[in-house]
Amino acid sequence: MKKITRIVLAALLVACTVFTFAAFAEDEGRVITVTLDGNPIAFDVPPQLIEGRTMVPLRKIFEALGAEVSWDDATQTASGVKGDTTVKITINEKVLYKNGQAITLDVPAQLVNDRTLVPARAISESFEVKVDWDDATSTVILESPKAVEKKHVELKKDAFVAGNGYHIISNDGDKISENSPVTVADVEGGVQVSHGGYYQDGKNWGGVALKDAYKLDGLSVTVKYDQVPEVTSATDCWICIDFLNKPQLFQVSDVAGNPGFMNLFRFGKPALELYNGITTFQGISGLEYDSSIFAIKSGDVVTVSAKLEGDYYAFTITKGDKSYTYTYESSDFTKVFTDGKAHVALSASCKGSQKDAFKYTITDISYVD
């Protein structure tokens, strides 16, 4: 009896294996169509199923999604840039990077008959494109995100409250004068802020904050740093673009009184510092990024955008063709902004800086109503 049972089980195993390979072979031989918003994408090399994933020619899928493509032959890495999103994928690596954040792939990009194929779903979803599969017609259905109408804050100096100014502190740490004044002026192309000084305590601050709060999900601010001090790696200096509960500086001594998100760029020794601004001034460690983004120099333009992804807020920092996204994985922030709105606050600080060492122009603040 046991022998018969073993024979039956063996037969079933063989049958299942044959069926599985047959089904897999059938899938591998499918003719696959990819559509974007109902229109077929014409590939010079047909899409292929590899390990159960639809693989498509790299350049064509990037371009079809509206991304500008570049190729680094030395590292075998392709980059696609669209708006504030940068996607990088390397041949034979099971990971792609979206704005510096790693995303694990089921199947890596790979060379097939001298052509680079990439996973259609992973690339598309990286650009916020919805992906569906119609098994009956063997069609990958891509649907572009619905256009979101952005509104723009009327930029004028009266829309901001100015800080009372940082103290002028020498490189040796001596206080030279109290509260370097913050001036705010309407200029062509936006609102320009000027001040100098160095952050010493929560009672003095150099910069401005937007008086009105706007919906944080979709809120974006662009700043042109017309003039910043020339510094070395030993200089203690930084720039902040923050989203806060109140229109004032994010104070170390009273985080609970004005919680929110602090994005701090150290530009002497280029680095990003993010802080958990819910109840404590606690830095977030373990960040991986291209530090050159935060080497701010005169003439640089920086944009910081906020987005609600599920229960978490994500921030994308963009300078030129480089960008970095960080997601605060804490739903406590949704409780901080009870009405979903935040104030934009801008500041800068540099030890040894004098009056008007900083000049920066707010060129755009946009939001989704």
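Look above for the structure.
Thresholds, definitions, all that
- Residues numbered from 1 in each chain as written.
- Predicted model: local features only at pLDDT ≥ 70, side-chain atom pairs only at ≥ 80, totals over all residues.
- Heavy atoms only, no water.
- Disulfide = S-S within 2.5 Å.
- Buried < 20%, exposed > 50% of the residue type's maximum accessible area, 1.4 Å probe, protein only.
- Helix = DSSP H or I, 4+ residues; strand = E, 2+ residues; numbered from the N terminus.
- Pairing = 2+ DSSP bridges.
- Axes fitted to C-alpha atoms, helices over the stretch in contact; angles between N-to-C directions.
- Contact = heavy atoms within 4.5 Å.
- Salt bridge = Lys/Arg side-chain N within 4 Å of Asp/Glu carboxyl O.
- Phe/Tyr/Trp six-rings, centres within 6.5 Å; stacked < 30°, edge-to-face > 60°.
- 1 Å grid on protein atoms, 1.4 Å probe; cavity = no way out; pocket = protein on both sides within 12 Å on 5 of 7 lines; lining within 4 Å.
- Points joined across faces, edges and corners; volume = space filled by probe spheres on them.
- Nonpolar A, V, L, I, M, F, W, Y, C, P; charged D, E, K, R; others polar.
- Core = buried A, V, L, I, M, F, W, Y, C linked by side-chain atoms within 4.5 Å.

**Student:** Please give an account of the state of the cysteines that cites residues and values.
**Tutor:** By the definition in use, this model includes 0 disulfides. In this model Cys350 remains outside any disulfide bridge; the closest cysteine sulfur is found in Cys237, 4.3 Å from its own. The buried category is assigned to Cys350, whose relative accessible area is 3%.

**Student:** Please give an account of unusual backbone geometry that cites residues and values.
**Tutor:** Of note, Asn99 is a non-glycine position whose phi angle comes to about 50 degrees, a positive value. Topologically, Asn99 is positioned in the loop between strand E8 (95-98) and strand E9 (101-104). With phi around 55 degrees, Asn113 is a residue other than glycine that occupies positive phi space. Within the secondary structure layout, Asn113 lies in the loop between strand E10 (110-112) and strand E11 (115-119). Exposure remark for Asn113: the relative accessible area of 71% places this residue in the exposed category.

**Student:** Talk me through the sheet that holds strand E4 (residues 53-57); I want residue IDs and the actual numbers.
**Tutor:** Taken together, 4 strands build an open sheet; the order of strands is E3-E4-E11-E10 and the sheet is antiparallel. Each edge of the sheet is formed by a strand with only one pairing partner; in this case those strands are strand E3 (48-50) and E10. Each adjacent strand pair in this sheet contributes to an overall mean axis angle of 45 degrees, direction not counted. Looking at chain direction, E10 and E11 are connected through 3 bridges and run antiparallel. What sits directly across from Val112, in E11, is Arg115.

**Student:** Before we move on, can you summarise the environment of Thr325 with the specific residues and values?
**Tutor:** Residue position: Thr325 is located in strand E29 (residues 322-328). As a C-alpha pair, Thr325 and Tyr289 span 36 residues in sequence and 9.1 Å in three-dimensional space. With residues up to four places along the chain from it excluded, the contact list for Thr325 reads Asn99, Gln101, Ala314, Phe315 and Thr316.

**Student:** Lay out the pattern of salt bridges with the relevant residues and their values.
**Tutor:** Counting across every chain of the model gives 13 salt bridges. Two residues, Glu178 and Lys175, come together in a salt bridge whose shortest N-O distance is 3.1 Å. Judged by relative accessible area, Glu178 falls into the partly exposed class, the value being 48%. By sharing partners, the salt bridges in this structure join Lys98, Glu128 and Lys307 into a single network.

**Student:** Help me get a handle on the packing of aromatic side chains, residues and values and all.
**Tutor:** Under the counting rule described, the total for this entry stands at 18 aromatic pairs. Ring centres of Tyr199 and Trp238 lie 6.2 Å apart, and the angle between their planes is 55 degrees; on these two criteria the pair is classed as tilted. In this pair, Tyr199 sits in the loop between strand E19 (190-195) and strand E20 (207-210) while Trp238 sits in strand E23 (residues 237-244), placing the two residues 39 residues apart along the sequence. Take Trp238: its relative accessible area is 8%, and that puts it in the buried class. Each member of the aromatic cluster is reached from another via a ring pair, and the members are Phe243, Phe261, Tyr313, Phe315, Tyr326, Tyr328 and Phe337.

**Student:** Provide a residue-level description of the layout of surface pockets, including the pertinent values.
**Tutor:** Size it by volume and the second largest pocket reaches roughly 480 Å³. Secondary-structure elements contributing two or more residues to the lining of the second largest pocket are strand E5 (68-72), strand E6 (77-82), strand E7 (85-90) and E29. Of the residues assigned to the lining of the second largest pocket, the class counts are 6 nonpolar, 6 polar and 6 charged.

**Student:** Can you lay out the nonpolar core for me, pointing to particular residues and giving the numbers?
**Tutor:** Leu216, Phe243 and Phe265 are the most contacted members of the largest nonpolar core, which totals 50 residues. Ignoring any residue separated from it by four or fewer positions in sequence, one finds Phe265 in contact with Cys237, Trp238, Ile239, Ile241, Ala271, Leu272, Phe294, Ile296, Val302, Val304 and Ile317.

**Student:** How would you explain the environment of Lys341 if you had to name every residue and give the values?
**Tutor:** Its place among the elements puts Lys341 in strand E30 (residues 341-350). Using a relative accessible area of 39% as the deciding quantity, one classes Lys341 as partly exposed. The spatial distance from the C-alpha of Lys341 to the C-alpha of Leu216 is 5.0 Å, given a sequence separation of 125 residues. In this structure Lys341 touches Ala213, Tyr214, Lys215 and Leu216, once residues within four positions along its chain are discounted.

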